[in-house]
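Spelled out, the chains give:
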Number of protein chains: 2
Amino acid sequence: MPLSSPDLSEVKAIVFDVFGTVVDWRGSIIRELEAVGARLGITRDWGSLADRWRDGYYQGTKDVLAGKRDWATADVMHLERLELLKTEFDLSALGQSEIEELNRAWHRLTPWSDSVAGLTRLKQKFIIGTLSNGNNGLLVHMAKNAGLPWDVIMGGENFASYKPSPKVYLGAVELLGYQPHEVMVAAAHLTDLGNAHQNGLRTAFIPRPLEFGGSDSTSEMVAELAHDAGDHIDLIATDFLDLANQLEA
Amino acid sequence: MPLSSPDLSEVKAIVFDVFGTVVDWRGSIIRELEAVGARLGITRDWGSLADRWRDGYYQGTKDVLAGKRDWATADVMHLERLELLKTEFDLSALGQSEIEELNRAWHRLTPWSDSVAGLTRLKQKFIIGTLSNGNNGLLVHMAKNAGLPWDVIMGGENFASYKPSPKVYLGAVELLGYQPHEVMVAAAHLTDLGNAHQNGLRTAFIPRPLEFGGSDSTSEMVAELAHDAGDHIDLIATDFLDLANQLEA
């Protein structure tokens, strides 16, 4: 449903947050870990490991932005954290090449069931791209593996920064040759959208209630959010097909 | 035909020069100019205008690299030169909005007849991307207009530089997360390939004898080049379909 009712008719490109918004990172990582566990004949709390793994990357982006560490890609930060988790979760049976192969699980994340079909429709009317803190190599591999039909791959790496830095939002706008109000950010995370809005971009909220393993129904969540949403959300959609419907793509 | 016979089995990505290699910029620009001429009821030497237009952009990239001017995109340099050519070719009937629309002819260039089919095959086996001095917005619009199925759009703009700067070749390699020998540059221009080779990338030469309006047959040209080619060319293909054949894609 449209919320703050800004003029969305000038939107020419939609750029998507990826982890959580386009792909089910947590479910995918847990499945990869379960496969490793089955092979090694071990069981662990794979959900906790997935959360800890994700957290390493997330904290890493914060540390880069705070100047506490030099630039590092998602691939590098994923590997650093995985090496810690190998000890923490007693995965000493994994050799170095297996650790590196497991790290590429982030290149193979599974899209939500509506993602490919929705993006394929949106691509007919809009330029569709990524706007992720994942590195370009990761995003390209993910797209090829999952069939995500991006027109353009962009991420923090292009601007040597990370969301929520304005460099990333405005860098993407500039790279596309548009004005901020001609670019919409689609994301499952309200903070991402708040920052996009502050930089003058349009925003679409696509709740993904199962991202962190929860069980809320999207419809309840949307009803609640539609009630409480601030003016930094221009549009709420239940999934990418609904987004395509609302944008008449 | 393979020439210097390096190991090409590790090539994972192919990045393409665009103007001249993927699209027929000169023929496309002449057709756009002819349409403008027909509407205005005027005739000019459109081939000369196209060459002069292209030259403005080409010289602009040289000036940026030499530090003689600040960074400017292909779009900006195309527009600057077009405004000069408006006087030079007596096109005063064109208003400012028509000039700006005509400038976007570079976003609508027509691919060579083998380009889309060849890229579609190559995409099954390799990451395929642009490596152009055109700006990203131009390249994205061209891809959507012409159906070029790029996995990733890259150009000098990503690295605030222009080919033949090593920043562009090595920047693309880094952005993809590969080593130089894992990336092949495909181009119709030997200087581009020479520079790619100097930076450690693999190279494929695809002669486009009609680029500048000539009439040499590709087969003769290939025979001659195969004879004279230096060791900076790893492979010569008659077109993108032949490239796909040779790389077993």
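For the structure given in this document, a descriptive report is provided here. (Residues numbered from 1 in each chain as written. Chains lettered and ligands numbered in written order. Predicted model: local features only at pLDDT ≥ 70, side-chain atom pairs only at ≥ 80, totals over all residues.)

### Things to note about the pairing of strand β1 (residues 13-16) of chain B
All names here are of chain B. Selection criterion: Partly exposed residues are those falling between the two cut-offs: more than 12 but fewer than 20 other C-beta atoms within 10 Å of their own, whereas 20 or more means buried and 12 or fewer means exposed, with C-beta atoms placed from the backbone. By definition, any uninterrupted DSSP run of H or I lasting at least four residues is a helix, any uninterrupted run of E lasting at least two residues is a strand, and each is numbered from the N terminus. DSSP-based pairing: two strands are paired if at least 2 bridges between them are found.
Alternating residues of β1 divide into Ala13 and Val15 and Ile14 and Phe16, and every residue in both groups is buried. Sheet topology places β1 next to strand β3 (residues 183-187); 4 bridges connect them, and they run parallel. Among the inter-strand pairings, Ala13 is bridged to a residue of β3, identified as Val183.

### Here we look at the interface of chain B and chain A
Threshold: By definition, residues are in contact whenever their C-beta atoms, placed on the basis of the backbone, come within 7 Å of each other. Throughout this entry, Asp, Glu, Lys and Arg are counted as charged residues, while Ala, Val, Leu, Ile, Met, Phe, Trp, Tyr, Cys and Pro are counted as nonpolar. The remaining residues, Gly among them, count as polar.
Facing the 16 residues of chain B at the interface are 16 residues of chain A. Taken together, the elements giving at least two residues each to the side of chain B that touches chain A come down to α6 (136-146) and α7 (166-176) of chain B. Among the elements that take part in the side of chain B that touches chain A, α6(B) stands out by supplying 5 residues, more than any other. Tallied by class, residues from the side of chain B that touches chain A come to 7 nonpolar, 5 polar and 4 charged.

### Here's the deal with unusual backbone geometry
Negative phi is the rule for most residues except glycine; trans is the rule for most peptide bonds. All names here are of chain A. A cis amide bond links Lys163 with the next residue in sequence, Pro164, at an omega value of 15°. Structurally, Pro164 is set in the loop between α6 (136-146) and α7 (166-176). Backbone geometry at Glu248 places phi at a positive 55°, although glycine is not the residue there. Take Glu248: it is sitting in the segment after α10 (240-246). A residue is classified by how many C-beta atoms lie within 10 Å of it, and Glu248, with 6 of them, is exposed.

### A look at the packing of helix α2 (residues 46-65) of chain B against helix α3 (residues 74-88) of chain B
Residue and element names in this part refer to chain B. Using the following cut-off: Here an axis means a line fitted to C-alpha atoms, over the contact stretch when the element is a helix, while the angle between two N-to-C directions is reported on a 0 to 180 degree scale. Put simply, angles under 35 degrees are roughly parallel, angles over 145 are roughly antiparallel, angles from 65 to 115 are roughly perpendicular, and the rest are oblique. Note: crossing handedness is left-handed where the near helix turns anticlockwise from the far helix by less than a right angle, and right-handed where it turns clockwise.
Taken N-terminus to C-terminus, the directions of α2 and α3 make an angle of 135°; their axes are 8 Å apart at the nearest point. Relative to α3, the element α2 is oriented oblique. Helix-helix and strand crossings are classified by hand; for α2 and α3 the assignment is right-handed. Across from Leu49, Arg52, Trp53, Gly56, Tyr57 and Gly60 in α2, the residues of α3 making contact are Ala74, Met77, His78, Glu80, Arg81, Leu82 and Leu85. Grouping the amino acids of the contact of α2 with α3 by side-chain chemistry returns 7 nonpolar, 3 polar and 3 charged.

### Re the packing of helix α1 (residues 25-40) of chain B against α2(B)
Residue and element names in this part refer to chain B. For the pair α1 and α2, the least separation of the axes is 9 Å and the interaxial angle reads 125°. Looking at the two axes, α1 sits oblique to α2. Both α1 and α2 take part in a crossing whose hand is right-handed. Only Trp46, Gly47, Leu49, Ala50, Trp53 and Arg54 of α2 make contact with α1, whose side of the interface consists of Trp25, Arg26, Ile29, Ile30, Leu33, Glu34 and Gly37. Looking at side-chain class alone, the contact of α1 with α2 contains 8 nonpolar, 2 polar and 3 charged residues.

### Comments concerning the sheet that holds strand β2 (residues 127-130) of chain A
Residue and element names in this part refer to chain A. With parallel pairing, the 5 strands of this open sheet are ordered in space as β2-β1-β3-β4-β5. Two strands lie at the open edges of the sheet, namely β2 and β5 (235-236), each paired on one side alone. Two strands pair when backbone bridges link them, and strand β1 (residues 13-16) and β2 are joined in this way by 4 bridges, in the parallel orientation. Looking across to β2, one finds that Val15 is bridged to Gly129.

### Quick notes on the environment of A:Leu190
All names here are of chain A. Looking at the secondary structure, you find Leu190 in helix α8 (residues 190-198). C-beta crowding within 10 Å serves as the criterion here: with 16 such atoms nearby, Leu190 is assigned to the partly exposed category. Remark: the alpha-carbon pair of Leu190 and Ile233, spanning 43 residues in sequence, is separated by 8.2 Å.

### Side note on the relation of the copies chain B and chain A
Test applied: A residue counts toward the fit only if its pLDDT is at least 70 in both copies, and the copies are then superposed by least squares on the C-alpha atoms of those residues.
For the pair chain B and chain A, the relating rotation is 180°, the translation along its axis is 0.0 Å, and the fit reaches an RMSD of 0.0 Å. In short, the pair behaves as if placed about a two-fold rotation axis. Distance from the rotation axis, computed per C-alpha, reaches its smallest value in chain B at B:Val152: 3.0 Å. Mapped onto chain A, 100% of the interface residues of chain B again fall at the interface, so both copies present the same surface.

### A few points about the environment of B:Ala117
All names here are of chain B. In this fold, Ala117 is placed in helix α5 (residues 115-125). Classification of Ala117 as partly exposed rests on a count of 14 C-beta atoms within 10 Å. Separated by 80 residues in sequence, Ala117 and Gly37 place their C-alpha atoms 32 Å apart.

### Regarding the sheet that holds strand β5 (residues 235-236) of chain B
An order of β2-β1-β3-β4-β5 (chain B) is seen for the 5 strands of this open sheet, with the pairing classed as parallel. One side of each edge strand has no neighbouring strand; the edge strands of this open sheet are β2 (127-130) and β5 of chain B.

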